[in-house]
Structure formats: C-alpha cells, structure tokens
Amino acid sequence: MSLLEIENLSLTIGATPILKGVELTVSPREVVGLVGESGSGKSMTALTIMQLLPHLARAEGRVAFDGIDILGATEDQMCALRGDDIGMVFQEPMTALNPVKTIGEQVAEGIRWHTKAGRAEAEDRARKILDRVGLPEAKFPLSRYPHQLSGGQRQRVVIAIACALKPKLLIADEPTTALDVVLQAQILDLLRDLVRENRMGLLLISHDLAVVTEMADRLTILRHGEVTEAGDTARTLSEQQHPYTRELALASMHVPARPKPHLAGSAKPLLEVEGIGRDYPGRRKSLFRPAQPIRAVDDVSLTIEPAQSVALVGRSGCGKSTLARMILALDKPTAGTIRYRGEAISGKAEAELKPARRDMQVVFQDPYGSFDPRQKVEKLVAEPLHLLEKQPAAAERREMVAHALHEVGLGPRDMDKYPHEFSGGQRQRLSIARAIITRPKLVVADEPVSALDVSIRAQILDLFAELNQKLGIAYLFITHDLTVARAMADEVLVMHEGKIVERGKTPDVLDHPRSEAARALVAAAPDLHRAIARKMQEQG
Amino acid sequence: MTMRIDLPEETIAGVLAKAFGNRSFLIGLAITLLIVAVALISFFWTPYDVTRLVIADKTQAPSWAHWFGTDHFGRDILSMIMVGARNSIAVALVAVGIGMGIGVPLGAFAAARGGIVDEALMRVNDLVFAFPALLSAIMITAIFGPGAVNAIIAIGIFNIPVFARVARAGALAIWPREFILAARAAGKGMTRITVEHILPNIATLLLVQGTIQFALGILAEAGLSYVGLGAQPPMPSWGRMLFDAQTRMVIAPWMAIFPGMAIVITVLGLNLLGDGLADILDPKSRRRR
Amino acid sequence: MTAFLVKRLIIAALTLVLASMVVFAVMEVLPGDAARLMLGLNASADQVEVLRNQMGLNAPLVLRYLHWAGGLLSLDFGRSYTYSVPVIDLVRERVVVSLPLALIALALSTVIAIPVGVFSASRQGRTGDTLAMGAAQLGVAVPNFWFALMLIYLFAVWLRLVPAGGFPGWGAGIWTALKSLILPAVALALPQAAILGRVARSALIEVLNEDYIRTARAKGLPYRAVLWRHALRNAMIPVLTILGLQFAFLLAGTIIIENVFYLPGLGRLIFQAITQRDLIVVESIVMLLVAAVILINLLVDFSYAIVDPRLRARQ
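The notes below deal with the structure included here. (Residues numbered from 1 in each chain as written. Chains lettered and ligands numbered in written order. Predicted model: local features only at pLDDT ≥ 70, side-chain atom pairs only at ≥ 80, totals over all residues. Heavy atoms only, no water.)

**Focus on helix α7 (residues 144-158) of chain C**
Here is the rule: The numbering of helices and of strands both runs from the N terminus, where a helix is a DSSP run of H or I of at least 4 residues and a strand a run of E of at least 2. Expected helix span is taken as 1.5 Å per residue step, with the number of steps being one fewer than the number of residues. Bend is the name given here to the angle between axes fitted to two runs of seven residues, the run ending at a residue and the run starting at it. Relative accessible area decides the class of each residue, using a 1.4 Å probe on protein chains only: under 20% of the type maximum gives buried, over 50% gives exposed, and in between gives partly exposed. Contacts between residues were defined by any pair of non-hydrogen atoms, one from each residue, lying within 4.5 Å.
Spanning 15 residues, α7(C) covers 20 Å between terminal C-alpha atoms, matching the ideal 21 Å at 1.5 Å per step. The largest bend in α7(C) amounts to roughly 30° and is located at I152(C). Among all positions in α7(C), only N144(C), F145(C), W146(C), A148(C), L149(C), M150(C), L151(C), I152(C) and A156(C) are buried. Residues of α7(C) that are buried in the fold lie against α8 (190-226), α9 (238-246) and α10 (254-281) of chain B together with α8 (174-208) and α10 (223-261) of chain C. Phi turns positive, to about 55°, at R160(C), one or two residues after α7(C).

Printed below as a string of structure tokens:
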C-alpha cells in the first residue's frame, strides 16, 4: 500500500487554477522526485499535503496519507500528523528558523508537543538528532541562536526539526536551492542517509533535474499544474517519451554554439588585475581589542583578453562578487591595481572613470531587482549613455535603444513598457541590452542565469554566445554553477577563500581539477549525464 | 534600523482602479476634501460673523438659528469651527512642509553618504526626538511669547526627524539594490542617483507618512492652542474653543462637544486617507488583506 | 551584548549633554535680565549688579553652563524667583503626582493594547478584528484633553462617580488619591492604546507571514501555540519602539491633562511658571522631562537586547 496517495488533485487560489488533476504516490521508504519549473505548482502540492495552504486556496480530489483522508481531516488531526508522521524541509534556511529562539528550543519543541516528554528528555533527544545531522555539541550547543549559524548549518537544524520524530514521510521543498554546490551535495547526502536509516519516504521537490535524478527512485514531472510524465527515474529520462521531458533534459545540458573559439595570447590584454585585495572591518570580539579585518579578496591577479570568455567559479562567500565589484570600480581595493587597456582605474575620480566605464558594463543575477520599477524601458536601457562624451539627442537615443533591444531579441515597441510587464527571461535580455548599448569591450555577468528556469537559461546563454561572436565582447562570468562555466567559458578561474587557487582552459580545469577546492566543486556539481548513467545501472 | 520595501510595480491606471475600490481611501478623501472646502468657504461666508460679540445670545443651546449653539460671548460655534479649520489646516500643513523640506533631504543624504555623516545626523535626530513638540513649544513661547507661529515651528521641528528617519530607512533599503549598482556602473553620482532613483521610489512612503504627520499636526496644534501656546484670541481655533468650554461644561456642554468632534472627524479622515494610500501603494500591505 | 549596551549608554549620555546645551542656549537668548526680574522694577542698578554677581550672571558663558550643568547633576536646579524656594523642592512635591499618572497611563495603555492587537491579528479580516480596529481608528483621532472633558462630563458631572478634578494628596490615603488619578489616566491611556493596538496588530500580522511561522506549524503546533510562542516575541520589537516614542507623547499629554483636571503636577507648575516668567523653573522642568524621554529610550534599547538575541551579538 502507498504511504501517500494523491488522486485527481485540483487546487485553486481565488479564481486562479494552480493544480489540475495531479496524481502522485509515494510508497514507504521510497524517494519520489517532483520536478518542474517555477510556477508549475510543486510547492503548492507540498503545502496541500501539509494542509498549510494560503487562506483562499481550495483543494479538490483525494489526498490520503497512511489511510487518512487529508483533505477531510480536522485541524487537530493535521496537528497530530505534522511534525510527527510528516516532516517538512523548506527552501530558505536563512528565514526558516525563529531568530529569537535557540536551536535547542526549536528542535525540542516538536518533540515535547508530540511525545509529551519532559523538558530534559526532549532536550536530550534534540541533542541526539542535532549530533546526527552533523551539528556536534562541542561546536553547536543547544543554546545557539540561528543567527550564529551559516545557511548550511541552519538547513541542518531544519532537517533535525523535520526528522526528530522519525516521520513516515519527509517532504523536502527545494532543500538545497539556496545553497552552493558543495553544501548542496552534503545536504543531499544527509537526506539520503536519514531516509534510509529511519525508513522514511521522501518527496523531493526540485527544479533541478540532475539533483532529482541522483536522489529519486521515481519521478513526476509537473508543468503548469499538470503532470506531464511520471515513472521510474532511469526509464523516464533515458526514453524521454514526453516532449517536455526531452526539452527539460536538453536545456539542462545545453551548450551554446560558438563557432569562432577564442585564441589565447592573440592580443594585448583588455583587463589586468594585479595583486588586489579587499579588507572589511571585522567584528569586534572585545571592547578593548581592535577588530581583526576580514580579508574578502586576497592578492588576486588575472587578465582577460579581448573577446575572451572567462568564468570565475567558487563557493558562496569566496569573494567572487567582491572581486567583480572592484573590477567594475564600484568598490575600492585595499591593495593592488586594476588596469583597463593598460590604464590604472583604481583610485580614480568618477569623472576620469567615464571612458573605462563605457567599455565595461555589468549584468546582474536578479532579473527583478536590476531595474528601477518607476522607469520605462527606454530610460532604463539608455542609462549608460550617460557615459558618452556627447549626449545623444532624444531621437538618436531612441534609435540606439531600439537597436540594442533588437540585438537581444526584443522589439522597439518594448521601449515604452515598464519592467514588470516582462518575464524573468525577457528582463535578463533587457539587462543585457543595457549592458551592450555603449558597445563595451567587457561585460561582467554576476550569476546571470542562476535565477532563471532551465529552458529560459539555455536561451540566455545562447544570447551571450551570439553577442560574443558578433560584437567580440569579452566576458567575466561569476558563477557557482559549473555547467555555466562549461557552456560559456574559454578559461576558468577557481576562487577559494579570497584567493585564486586554480586557472586554466575550461576542459582542463573541469575534467582534471588539481587544487582541492576545484576538486570539491567538480565532485559536488550535479551532472545529468552522470546521474542518468548511474540510475540506469541501479534500476537496470 | 532596516526596513523592507517591496517596490510597487504598477501603472497609474492600475493604482487609480485600486483607489476607487478602497473604502478607507474614499471615505478619508471625502472627509479631507470636505474639511478643506469648509475652511475655504469660511474666507467668503460664515453663518455669523465670528468677530462680533453678541452678549445677549451667549451660551445658547443648539437651535435652528445656531446649529451648534453659541459660546459665552454669543458667537456662533459653527462659524467659529469653520474659521478654526483654516488655522488647524494651515499650521499642520506648514509643519509637514517644514518636516519634509528639511527632513527628507537630510535623511536621503545620510543614507547616501553613510559612515560618520550618517551617524552624526542620526545623533541630531535623537536629540530632536528628546524634545516632544509641547516642550519645544513651551521653550519657544518662553522666548517669543505665545502665537500661532510658535505652534508651527514647534510641530515643524518635531516633524523633521520623523521624515529624516523615514527617508533614510527607505533610502537605505534601496541603495543595495542591483539597479542602483547598475546606475553606478553607468557612472552616475550620489546626488543624481538619489534624485533619479531613490526619491521616486520612496515617494509613496513619504506621502503616507505625510498624511500621518498632517493628522498628528492637527492634534498637536489643538493641544497647544488649548494650553494657550498656539493661536491667540480673537483668532478662533479648535483647541482654544475647548479651553473656553472647559469651565462651562455644566452649563454649555455643546461648547466642548462640537469643536472636539471637528478635530476627531478631521483627524479620522486624514488617518483613513493615509491607511487607504498605504494599502493602495504598498503591495505588501495589500497582500495581507 | 555589553558592547551594544555600552554604545547605547554613551549615545544617551551624549544626547543628554547636547540637550542640556540646547536648553541652556535657549534660556540664554531670552530677553530680560534674570536679576532684574527677581528684584522687581523698583530695584536700583547697583542692587541688580550685586545680585548679578551673586548669581554668577557676569561669568563667561562656558563657565555659566558648566556651573548650571554641574548643579543639575547634583539635583541643584537653582531657586525659583516666584516661590523663593529651591526648584528641586517644587519638583519633588509635584513629581509625586505626574510620575504616577504617567506610569499608570503607560501601564494601562499597554495592558489594553497588546491583547487587542493579538485578538485582532488572530482574527484578521473577521468581524471582531474589523470592530476592534474601527474603534482603534477612532481612538487615534481623539485628542486626549477633549476625551478628558467628555469623561469629566460623563463620570463626574452626570454620574458623580469620581471627582471632577483636584488632587487630595497621597496623605489622604492611597485609594482616595488614586481615585482622582483614574479619569486622567484613562484619558491619557485610551488614545495611546489605540495607536499601540494598531501597531501590535500589524507587527503580528507581518510576523505571522514569516517563514519560521510555517516551520513551527509544520512541527504540528496549533495556530494559537504558534501565535503565543513564536509570533508574539518577534512582534514585540516594533511594539517596543512605539512604546518608547509614546512615552514622550505621554509626558506631553500629562502636562496638558493636569491642566484639565487641576492636578498639582509638573504640568501645572510649568504653566504657572510661564505666566509668571519664572524661567529657571521652566528650564529645569523642560530639562527634567527631556532627561526622562532619553532615559526611557535607553530602557527601550536595553529591552531590545533582551528580546532580540541578534542585537546582543552585534556591536
């Protein structure tokens, strides 16, 4: 018998349909993956099982857990199930814990509530489960507060809360999306072990096909609130019977065509970074001792040649964004020099920076935060024209904006719209249009595709490749995602704790990493090819 | 102090449509317009002349001739309320103007510069916050003697740190945004970014705070006039009317009831307007409903 | 934690010093000669000069400030011109009226506001919430001194339950004395409670939308337990901020309300002093009230540190 059975589940919030006829089962001790792009209804499916839906949501159909009709259950019955028989892990570890309560209190609370155990006994059990999820007493006493832990550590606490009472079913909703690849691999390992030890069923929700393939026995693919395909992981992905499954798989492994590869050493370097460093004032440990500065970037040197595409990869917090900001002259280095076309830019006044800024633009990660919501596209895309020596007249400016929009695949009519009228992928195109309007020689792109769905992301990577070929723009891609580096970069730089620890041609670094940091990154990066191959072996 | 701002992504037509569906906003707007209209009409016409004392008509209960009754000098209460509205609105409006005009640039500048400048401005803020408007008014009166201008200055001074704080908190929430970094990468300086990107994005925040301070200003003005630190006789003011009513509560309660109602309704209207604006303009509060 | 508290303490002390300079400077620019005022118009120029020297009015500005500020620290505010007694004696007999009034009002408004805020937030959008918030909306708009007049009319003039004004003194028995503070305290507290209740409600609603509330519910805690155990403490942070600001309003309100009820508190004293141009009394009371506002804000800062562990870590 199945542990969880969802039959013909439909969900509406207000008048908006969210789910249509969803079917899903999880057997005891089985790992089921639920895959879909943003807005496909994955999270709402999970919240329906927990009955933690928003106010106006109406669910129809049948959801049965362990023989209990969830949709018909009273709130008291649900309270008895939640945390005891069904545990749940959420996406955002930074906000999932109550900031004013200790981790001990938060883990013990559920235990006390369900088992009526006394404080001492509950804390004892909380201690054991925290030890189990990799937070040993010596470094992580029960009296720690969430703000004293990193994102990965907080996610371990959330997992401890969810698994404290060995539930029959664990629901993990994008448990690793907010973490870097190395942490992701560790958390996934932990989940896999816990599920096995405690004989739990696991419903793993993710947008990342490679992650789900590595973890799941079966998978269900969701699109616009409907199940498009479901079945054994190996068979579903090897046969790819449904076109959407094929589309997802292809997009996940997409490598854009760049017929003219870059030849190293072909020209004078565009950008030279020499021994730069950046210190931040550290936290004061005592009133009487001066604070130790934190070295975010430490003695970094690199060069980028015209039309060359370089990827800077590293774990979150390794200093890559700080380095990018210094290159863009948005932050001042505390040591070293940055030269652009042979001219030093560090320490220059804003007015003197104009020529360099004109040649060097930026694309950010968040397609929603990159635009002033109060301005129209014309004004937004034209913003860097401010850097030109001679300000173009209004008509000429419109012409230039239209041209830039055309180059990124948007029409001239988009000029008079506001940014919220565009989808995430289109906004990233706008972002690129803004970056290329001054015809720069270098574009720094900070995680430009990590907030996008896989299919959109493939299109944006194609656009980057096309502009590189057509306009000869050099790129510095900042990313924690090795597939982006593999798809786009001629060279890879690996950054670790503020230093560049490895540099080389992309295939060399990614296939034969030498430094420990690079090896860790490569080993942890989910890879769909590899995952499918492994599943084929397991599942025959 | 940090603050989360969800930047509204709206067209003007969308905002208008929402405004017409918002009950608080509509009621608040209607009341506010009514009070302003009453104040304007009082310049041309009032039922009776408020400067003429008719002792024969003193402390008359409400009647068809005097809807709200008369005071101890025989003046018509309704007419005095109408003229008093001018005073309340003028004082509160100028005080909001002072607060915004000085507070917003200070707050925006502090947020843009950060560091020592920010710290220093915040300390000055703390200092002004330590003087409630009444205490400032007391000190100003001690120097210059009583008058309506004192009330304006005292309330205005108190408004400065309020707007400085709101502007600073709003600006601080916007400065780290990526679109600001993009503007900096486009070579734009601190002042230009503040004018082009920061101020338009905190305008709604300031508008909402403006209506709140307007309402508080009307309450504060009434309080100051009541204790004799605001508008001086014979200029009618709502607070002063309540002071005159106090000793005559037993014989002429209407002298207290109607001016008080005028204050309550005006402040209520402004607060509803502010609540409505906040609902319409702030996507987060709307989601909560 | 200590670093945070020490920093706040230093800031409060600095604010106090600056405030004292402002008060001193304002009194300095005042027209009129304090010695002349004290001696009256008939005094000779020599007599005035002698007194000026005695009072230290001929000393340089900085010395005079230091002398005055030093006096404040030892609670020596100088002598009142009109009463011819040390100001501190006047303050001492008046503060036993004003301080209890302010504290009762503060306590009353908190005790009313927090439960109303919780009630409304947990019934968001339902009839109970709409009624409570409608009442709060009205309460915010009511000026406390007018409310006081209405209360007097209702409870003292009509129902004759409590005295309409005056204060018998604590010597007349605690209950008798308290009875004459009830109406003033209610008049002060209700409008403040309306503001605080609204803040408490919106803070709670904001907190109830946080991710960690969902985590707590996913543990199986019922909604009420989540509200009391997880939401309330987080919502206290904005509530405390408003509470600190309200104390300043409450002090100002006390000054006005004392005049409505003829209570012999600091508020009455300061207005008598203004009409009699007894400036040293005005100056002293203003300084005292400013110090009280600064002190309360310091206490609010300290209570943040108790409520929010993140502040304890930050410097």
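**What about the packing of helix α6 (residues 148-174) of chain B against α8(B)?**
Residues and elements named next belong to chain B. Quick note on the threshold: To get an axis, a line is fitted to the C-alpha atoms, and for a helix only the part in contact is used. The angle between two axes follows their N-to-C directions and goes from 0 to 180 degrees. Here the angle decides the label: under 35 degrees means roughly parallel, over 145 means roughly antiparallel, 65 to 115 means roughly perpendicular, and every other value means oblique. Each crossing is labelled by how the near helix is turned from the far one, with a counterclockwise turn of less than a right angle marking it left-handed and a clockwise turn marking it right-handed. In the scheme used here, Gly and all other residues not listed as nonpolar or charged are polar, with Ala, Val, Leu, Ile, Met, Phe, Trp, Tyr, Cys and Pro taken as nonpolar and Asp, Glu, Lys and Arg as charged.
In contact at an axis separation of 9 Å, α6 and α8 are set at 155° when each is read in the N-to-C sense. Comparing their axes, α8 and α6 come out roughly antiparallel. Helix-helix and strand crossings are classified by hand; for α6 and α8 the assignment is right-handed. Seen from α6, the contacting residues are A151, I155, N159, V162, F163, V166, A167, G170, A171 and I174; seen from α8, they are I198, N201, I202, L205, L206, Q209, G210, Q213, G217, A220, E221 and L224. Residues of the contact of α6 with α8, tallied by class, amount to 14 nonpolar, seven polar and one charged.

**Section: the sheet that holds strand β15 (residues 343-344) of chain A**
Residue and element names in this part refer to chain A. Our working definition: DSSP calls a pair of strands paired once it identifies at least 2 bridges connecting them.
The sheet built from four strands is open, its strands ordered β12-β11-β14-β15 with antiparallel pairing. The outermost strands of the open sheet, each flanked by one partner alone, are β12 (294-304) and β15. Across the sheet, helix α10 (residues 320-327) is in contact with β11 (271-280), β12 and β14 (335-340); its angle to β11 comes to roughly 120°.

**Notes on the interface of chain C and chain B**
Let me state the cut-off plainly: Note on terms: buried area is the combined drop in 1.4 Å-probe accessible area of two parts once they are placed together, counting the loss on both. The working definition used for a salt bridge is a side-chain nitrogen of Lys or Arg within 4 Å of a carboxyl oxygen of Asp or Glu. Polar contacts, as counted here, are pairs of nitrogen or oxygen atoms within 3.5 Å of one another; within protein the pair requires one atom able to donate a hydrogen and one able to accept it, and residues that are adjacent in sequence qualify only if both atoms are side-chain atoms.
At the interface, 50 residues of chain C touch 42 residues of chain B. Across the chain C to chain B interface the summed buried area is about 4,100 Å²; carbon plus sulfur atoms make up 76%. When the area that chain C buries against chain B is broken down by residue, the three leading residues are F145(C), W146(C) and L149(C), summing to 14%. Remark: the boundary between chain C and chain B carries one salt bridge. Where D275(B) meets R198(C), a salt bridge forms, and the shortest distance between an N and an O atom there is 3.1 Å. Summed over the shared surface of chain C and chain B, the result is five residue pairs in polar contact (both at pLDDT 80 or more). It is helix α1 (residues 2-28) of chain C that provides the largest number of residues to the side of chain C that touches chain B, a total of nine residues. Tallied by class, residues from the side of chain C that touches chain B come to 40 nonpolar, five polar and five charged.

**Section: helix α14 (residues 424-436) of chain A**
An α-helix turns once per 3.6 residues; consequently, residues spaced three or four apart project the same way. Look at α14(A): 19 Å from first C-alpha to last across 13 residues, which is about the 18 Å you get at 1.5 Å a residue. Among the 13 residues of α14(A), 12 are classified as buried, and the element is accordingly described as predominantly covered. All of the buried residues along α14(A) are G424(A), G425(A), R427(A), Q428(A), R429(A), L430(A), S431(A), I432(A), A433(A), R434(A), A435(A) and I436(A). Tucked into the core, α14(A) has its buried residues touching β16 (360-363), α12 (377-382), α13 (394-407), β17 (442-446) and α15 (454-471) of chain A together with α7 (178-185) of chain B.

**As for the nonpolar core**
Defined as follows: We define the nonpolar core as a collection of buried residues of types Ala, Val, Leu, Ile, Met, Phe, Trp, Tyr and Cys that are connected through side-chain atoms lying within 4.5 Å of one another. What fixes the domain bounds is an automatic or database domain assignment.
Residues F131(B), L134(B), I138(B) and V286(C) are the most contacted members of the largest nonpolar core, which totals 169 residues. The dominant element in this core, judged by the number of residues it contributes, is α10(C), at 19 residues. Two domains each donate at least three residues to this core, and these are domain 1 (2-73) and domain 2 (95-313) of chain C. F131(B) has contacts with S136(B), M139(B), F158(B), A19(C), V22(C), V23(C), V286(C) and V290(C), leaving out every residue within four places of it along the chain. Counting 57 residues, the second largest nonpolar core, distinct from the first, contains A108(A), F140(A), L142(A) and L183(A).

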